[in-house]
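Remarks on the overall topology
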Amino acid sequence: DAGITQSPRYKITETGRQVTLMCHQTWSHSYMFWYRQDLGHGLRLIYYSAAADITDKGEVPDGYVVSRSKTENFPLTLESATRSQTSVYFCASSDYGSDQETQYFGPGTRLLVL
Amino acid sequence: GNSVTQMEGPVTLSEEAFLTINCTYTATGYPSLFWYVQYPGEGLQLLLKATKADDKGSNKGFEATYRKETTSFHLEKGSVQVSDSAVYFCALKSRVDYKLSFGAGTTVTVRA
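Residues numbered from 1 in each chain as written. Chains lettered and ligands numbered in written order. Predicted model: local features only at pLDDT ≥ 70, side-chain atom pairs only at ≥ 80, totals over all residues. Heavy atoms only, no water.

Another aspect to go through is the overall build of chain B. The secondary structure content of chain B amounts to zero helices and twelve strands. Across chain B, helices and strands are ordered from the amino to the carboxyl terminus as β-β-β-β-β-β-β-β-β-β-β-β. Relative to the compact-globule value of 13 Å for 112 residues, chain B shows a C-alpha radius of gyration of 13 Å, a close match. Its C-alpha atoms give chain B principal-axis dimensions of about 45 × 25 × 20 Å. Counting the 112 residues in chain B, one finds 46% classified as buried. When the accessible surface of chain B is split by element, carbon and sulfur atoms take 47% of a total near 5,300 Å². (Helix = DSSP H or I, 4+ residues; strand = E, 2+ residues; numbered from the N terminus. Rg over C-alpha atoms; globule rule 2.2 N^0.38 Å. Buried < 20%, exposed > 50% of the residue type's maximum accessible area, 1.4 Å probe, protein only. Areas by Shrake-Rupley, 256 points an atom, 1.4 Å probe, with all protein chains shown as cover.)

Right, dumping it as structure tokens:
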């Protein structure tokens, strides 16, 4: 029972490079989310998805791209990384139809942009 | 829009002390309220929740009551343990969509 996994767990990259963070869930949850966690800001929603091929912007989408070709995967791409995107990124999933609003979080990816 | 304000930390306590973390919210309608906990190096996990006014959520000795009149959802535990050291997040979800709004988080350290 793997649940929700993220890869890589740690990533160091340079300004201007493209980076893709992976998220995979084994529950077939309809909804998936990407958050970033920064000191003093709590978690802020980047993008979310209600189903395969349906995505929408959250609170801080600039500089990020997502796709959802399969229900279980929700990759997040930083097209041209900037230092301000240094953060901890969390993926989450939920099946609001049956689980009464709980979101389940992955272990996070720590990204450092030099 | 929706927002959550929780007390700033860090909070440092001795084992068996009483813990309170204040949380207030602003939302239209009647949101659902949550407390999530993040242990060191891990993702967030749901600690407890309440979906309507006067509901009390409880888990692992923690409690929080949904107070509509004061728009609050304060977290309490009567006797903390070292294993309760973590970051605690208050969050809300409105009835009209499925997004969560989080507070900034409160770091709690319990010393033996």
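Helices and strands together make up the secondary structure of chain A, namely one helix and eleven strands. Secondary structure elements of chain A occur, N-terminal to C-terminal, as β-β-β-β-β-β-β-β-β-α-β-β. In terms of its C-alpha atoms, chain A occupies a principal-axis envelope of roughly 40 × 30 × 25 Å. The 114 residues of chain A split such that 48% are buried. A separation threshold of at least 6 residues defines the contact pool for chain A, and within that pool the share at least 24 residues apart is 55%. (Contact = heavy atoms within 4.5 Å.)

Once that is clear, we can look at the sheet that holds strand 9 (residues 75-77) of chain B. Residues and elements named next belong to chain B. Strand order in the open sheet formed by four strands is 3-9-8-7, with antiparallel pairing between adjacent strands. The open sheet is flanked by strand 3 (19-21) and strand 7 (56-59), the only strands paired with a single partner. Going across the sheet, the axis of each strand differs from the next one's by a mean of 15°, ignoring polarity. Bridge count between strand 7 and strand 8 (residues 62-65): four bridges; the pairing is antiparallel. Its bridge partner lying in strand 8, N59 is registered against F62. (Pairing = 2+ DSSP bridges. Axes fitted to C-alpha atoms, helices over the stretch in contact; angles between N-to-C directions.)

All names here are of chain A. Strands sit in the order 1-3-8-7 across an open sheet of four strands; the sheet is antiparallel. Only two strands of the sheet have a single neighbouring strand rather than two, namely strand 1 (4-7) and strand 7 (64-66). Taking the axes of each pair of neighbouring strands and ignoring which way they run, one obtains an average angle of 20° across the sheet.

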